[in-house]
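Descriptive structure summary
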2 protein chains.
Amino acid sequence: DTKKKNRSSLLSLIIIKKGTYDTKQLIHSIKVGIALALVSLLYLVEPLFDQVGENAMWAIMTVVVVFEFFAGATLSKGLNRGMGTVLGGLLGCLAAMLAQEVGGTARAATVGTSVFIFGAAATYFRLVPSIKKKYDYGVLIFILTFNLVVVSGLRGEQTVVLARERLATIVIGFVICMLTSLLIFPMWASDELHCSTVTKFNNLATSIEGCLEVYFKTMDENNKSRASNISDGYMSVLHSKSKDDNLANFAKWEPWHGKFGFNHPWDKYLYIGDLLRELATSIISLKGCLQSPPQPSMPLRLSIKDPCEAVSSFLVSTLRELGDSIMNMRRSRPGAVIIVKLQSTRLELREAISALGTVNGDGLATVSFVFLLME
Amino acid sequence: DTKKKNRSSLLSLIIIKKGTYDTKQLIHSIKVGIALALVSLLYLVEPLFDQVGENAMWAIMTVVVVFEFFAGATLSKGLNRGMGTVLGGLLGCLAAMLAQEVGGTARAATVGTSVFIFGAAATYFRLVPSIKKKYDYGVLIFILTFNLVVVSGLRGEQTVVLARERLATIVIGFVICMLTSLLIFPMWASDELHCSTVTKFNNLATSIEGCLEVYFKTMDENNKSRASNISDGYMSVLHSKSKDDNLANFAKWEPWHGKFGFNHPWDKYLYIGDLLRELATSIISLKGCLQSPPQPSMPLRLSIKDPCEAVSSFLVSTLRELGDSIMNMRRSRPGAVIIVKLQSTRLELREAISALGTVNGDGLATVSFVFLLME
């Protein structure tokens, strides 16, 4: 009965979670629609069009390409685009002037060579991992702008005027993006990273609980299906690395808002994430012990039940507590206190040394590491 | 002495590997430069420019944006761009005609509404995970083209002609991309996925070897520094999931080449990758046992040395063999034979049951699972 209740509450939790995620997606879509409609006004309203002319195209392009799900991502892409355009435009103008000076048939050759050299150099630059992570899009736009400016300069148009007008429309597009992104229900990558870290603590706590439950009850009930339910929790923790990296990257761009100040320590979130992933691997090996065929007999198992449950319930409650304290950004109990308590329970367990004991001890070693960090 | 030799050979291996990677990056950069210079000819050569006019801009844009490191990625992005442009252009023309029919002041309102509706709907569509994975870029281009076509249609230009000309230049840009990407030293995502799978087998084999070595020798030499060298191998395996997913996604787009036919089973690579990641978690827990403080005494350790080494050397050689057989695409020894042999060595080990034995047995359980797959 309670199990059914548990499962249905879990199910409703998932639906709510999916629900909020869907709502977020819906809001994001509507925001994009609004931004597009706003930027189309540049074409639709006669006086505005007279001002910007065909260059309004670049504003539309900017909105379509730059508007991302998270506010930080939009901001970073927009700034990258701006920097890339300015740099590419300046260098392009210089190269175009140089080609003009050379004159004659050598002009086309000069332009072609500069396109080749700058294109290749910037592409190589783009493949450097640290550049790729933060400025990939900026370098792309740099290549694009440089090429467009340098070749159209050859056609004898007023390159500088053209470049300035395009930059102006790009800025218009960017401003529209930022206003819609920040003023209408902003989605913060920082909130997402914060919440997902807390969820990780809870997931791992649930997984540890589940493992212990299965270990001490399976033999009389023999329903292995629940074990697979547990695995979702720690598997999602284990494979969260690249997602976390992205979120932290965006979060660093986001301005001050809510409870996060400037210089919020986002790198610490990544570090905590790494430690939690380590803990997740320990849980996997714990689960591996549950599933391996040579199981100890029931009496042996029962003899270690009490200390094991003491350790695990302490672990679970500490994980939940740490998750809560991160959620509310309170300082948790000093790490030293927790570690002393942990070591005493661990000592109890070592007295009942056994196969399970060793692996559990391994999990504990990792956890104490987590706690050391929390100080 | 041999250790020094080992380390220097490892170092040279890394340098060679970094060297080949750098060469690849250099080649890629030069290829991009060539493609850009080629596409600039549209501007530079008078007769060509007379044909395409200002629309040559779109060809440059296509080359800059579509050219990616792997051939499969370039192909998928190019096809996405093509599909997005065609679909967006068609729907944009329809919407523009509709607005023309409505006429009067309602025209601007019709255009604005259609921009909002299509923009929001396509953005929502884009956030669906399965669409995002494969057609993200196509939908982006769809939104862009639709908007540009529908608003410029309002300006009373010959929308259809404009759209057709732009499409033609985009096709030119795409053809230049594909020619440079496929004809000059092509980089195949399929090769990369294939080799990285083989490297994973070797990395794990080396890690297992290293763990055993440390366990049975540390106490008299006490150099823990080597242990951290081992960890690079399995950590890179553990965090390879999202990279593998991307590579498999690109590899599916790549045409027949070398030893890979159409319908090469790329999904099986992902499955093998999953199993190897599972094995990596077992190795992590094995290493956890090595590091946890309550170590068994040296005599106890020596008593289990022989069966442990038998198991591990068998494991290592089998992993290497499997890696080789994937490398050369030969069929390996039937899985059943391997498993029988594995179980007999495992039985030996169980006789010397101990803490280490249990965890090793856990690793074996996973490996036998890998072997089952290989049949």
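Relevant structure appears above.
Figured I'd write up the structure that's included with this text. Remember, predicted model here, so these are calculated numbers, not experimental data. Within any chain, residue numbers begin from 1 and follow the written order of that chain's sequence. Starting at A for chains and at 1 for ligands, labels are handed out in the order in which the entities are written. With pLDDT at 70 or above as the cut-off, local features in this predicted model cover only qualifying residues; side-chain atom pairs require 80 or more to be listed or tallied, and sums for whole chains, interfaces and linings still use all residues. Heavy atoms from the whole structure form the basis of all side-chain values; hydrogens and water molecules are not counted.

1. Notes on the overall build of chain A
The line we're drawing: A run of DSSP states H or I qualifies as a helix once it reaches four residues; a run of E qualifies as a strand once it reaches two. Both are numbered from the N-terminal end. When a residue's accessible area, from a 1.4 Å probe over protein chains only, is under 20% of the maximum for its type it is buried; when over 50% it is exposed; and in between it is partly exposed. Residue contacts follow a heavy-atom distance rule, with two residues in contact if any of their heavy atoms lie within 4.5 Å. Note that accessible areas follow from Shrake-Rupley with a 1.4 Å probe, and for residues the cover is restricted to the protein chains shown.
Within chain A, the regular secondary structure consists of 15 helices and zero strands. Residues classed as buried in chain A amount to 50% of the 375 residues present. Counting only contacts in chain A whose residues sit at least 6 apart along the sequence, the fraction spanning at least 24 positions is 81%. Here chain A has roughly 17900 Å² of accessible surface; of this, 64% comes from carbon and sulfur atoms.

2. Looking at helix H10 (residues 241-253) of chain B
As a reminder, the rule being used: Multiplying 1.5 Å by the residue count of a helix minus one yields the expected span of that helix.
For H10(B), which comprises 13 residues, the first-to-last C-alpha distance of 19 Å matches the rise-based estimate of 18 Å (1.5 Å per residue) to within 8%. Along H10(B), the residues that are buried comprise B:Asp244, B:Leu247, B:Ala248, B:Asn249 and B:Ala251.

3. Details of the environment of A:Leu148
Its location among the elements puts A:Leu148 in helix H6 (residues 129-154). Classification of A:Leu148 as buried rests on a relative accessible area of 6%. Between the alpha carbons of A:Leu148 and A:Arg81 there is a distance of 15 Å; along the sequence they are 67 residues apart. Beyond its immediate chain neighbours, meaning those up to four positions away, A:Leu148 contacts A:Trp58, A:Arg166, B:Met57, B:Ile60 and B:Met61.

4. Observations regarding the pattern of salt bridges
Residues and elements named next belong to chain A. This is how it is decided: Just to be clear on terms, a salt bridge is a Lys or Arg side-chain nitrogen sitting within 4 Å of an Asp or Glu carboxyl oxygen.
Applying the stated rule across the entire model yields six salt bridges over all chains. Across the pair Glu 192 and Lys 24 runs a salt bridge, and its minimum N-O distance is 3.8 Å. Of the two residues, Glu 192 sits in helix H8 (residues 189-221) while Lys 24 sits in helix H1 (residues 2-44), which places them 168 residues apart along the sequence. Given a relative accessible area of 21%, Glu 192 falls into the partly exposed group. Under the relative-accessibility criterion, Lys 24 is labelled partly exposed at 34%. Two residues, Arg 126 and Asp 136, come together in a salt bridge whose shortest N-O distance is 2.8 Å. Highlighted residues: Arg 126 in helix H5 (residues 106-127) and Asp 136 in helix H6, separated in sequence by ten residues.

5. Description of the environment of A:Arg277
Following the sequence through the fold, A:Arg277 ends up in helix H11 (residues 266-291). When the C-alpha positions of A:Arg277 and A:Leu204 are compared, they lie 9.5 Å apart, and in sequence the two are 73 residues distant. Residues within four places of A:Arg277 in sequence aside, it is in contact with A:Lys200, A:Val237, A:Leu238, A:Ser240, A:Lys241, A:Asp244, A:Leu270 and B:His239.

6. Some points on the packing of aromatic side chains
Which entries qualify depends on this criterion: Two aromatic rings, drawn from Phe, Tyr or Trp (for Trp, its six-membered ring), form a pair once their centres lie within 6.5 Å of each other, and the interplanar angle then sorts them: stacked below 30 degrees, edge-to-face above 60, tilted otherwise. Lysine NZ or arginine CZ positioned within 6 Å of the ring centre and within 35 degrees of the ring normal marks a charge as sitting over the ring.
Tallied over the entire structure, the rule returns six aromatic pairs over all chains. Each ring, one from B:Phe142 and one from B:Phe146, has its centre 6.1 Å from the other, and the planes form 25°; the classification is stacked. Residue B:Phe142 and its partner B:Phe146 are located together in helix H6 (residues 129-154), separated by four residues, close to a single helical turn. Residue classification places B:Phe146 among the buried residues on the basis of a relative accessible area of 1%. Taken together, the ring pairs in this structure connect A:Phe118, A:Phe142 and A:Phe146 into an aromatic cluster. Taking the ring centre of A:Tyr137 as reference, the NZ or CZ of A:Lys77 above it sits at 4.9 Å.

7. Focus: a nonpolar patch on the surface
To keep things clear, this is the line we draw: Excluding any residue in a salt bridge, patches collect residues exceeding 30% relative accessible area, merging like charges within 9 Å and nonpolar Val, Leu, Ile, Met, Phe, Trp and Tyr side chains within 5 Å.
A cluster of nonpolar side chains, namely A:Leu38, A:Leu41, A:Val45 and A:Leu48, defines an oily patch on the protein surface of about 280 Å² accessible area. Checked against the element boundaries, A:Leu38 lands in helix H1.

8. So, helix H3 (residues 56-66) of chain A
Burial runs high along H3(A): eleven of the eleven residues are buried. Taken residue by residue, H3(A) has A:Ala56, A:Met57, A:Trp58, A:Ala59, A:Ile60, A:Met61, A:Thr62, A:Val63, A:Val64, A:Val65 and A:Val66 as its buried positions.

9. A closer look at the nonpolar core
To keep it simple, the criterion reads: Here, nonpolar core refers to any group of buried Ala, Val, Leu, Ile, Met, Phe, Trp, Tyr and Cys residues whose side-chain atoms link them within 4.5 Å.
A:Met57, A:Trp58, A:Met61, B:Met57, B:Trp58, B:Ile60 and B:Met61 are the most contacted members of the largest nonpolar core, which has 80 residues in total. Those residues within four positions of B:Met61 in sequence are excluded, and the remaining contacts are A:Trp58, A:Met61, A:Leu144 and A:Leu148.

10. Quick look at the packing of helix H3 (residues 56-66) of chain B against helix H4 (residues 71-102) of chain B
All names here are of chain B. This is how the line gets drawn: Helix axes use the C-alpha atoms of the stretch in contact, all axes being lines fitted to C-alpha atoms, and the angles between their N-to-C directions lie in the range 0 to 180 degrees. Any angle from 65 to 115 degrees is called roughly perpendicular, while one under 35 is roughly parallel, one over 145 is roughly antiparallel, and all others are oblique. Two helices crossing with the near one rotated counterclockwise from the far one by less than a right angle form a left-handed crossing, whereas a clockwise rotation gives a right-handed crossing. Gly counts as polar in this scheme, as do all residues outside two lists: the nonpolar Ala, Val, Leu, Ile, Met, Phe, Trp, Tyr, Cys and Pro, and the charged Asp, Glu, Lys and Arg.
Where H3 contacts H4, the axes come no closer than 10 Å and their chain directions differ by 140°. The angle between the axes of H3 and H4 places the two elements in the oblique class. Pair H3 / H4 crosses with right-handed handedness. Contacts between H3 and H4 pair Trp 58, Thr 62, Val 65 and Val 66 from the former with Thr 74, Lys 77, Gly 78 and Arg 81 from the latter. Grouping the amino acids of the contact of H3 with H4 by side-chain chemistry returns three nonpolar, three polar and two charged.

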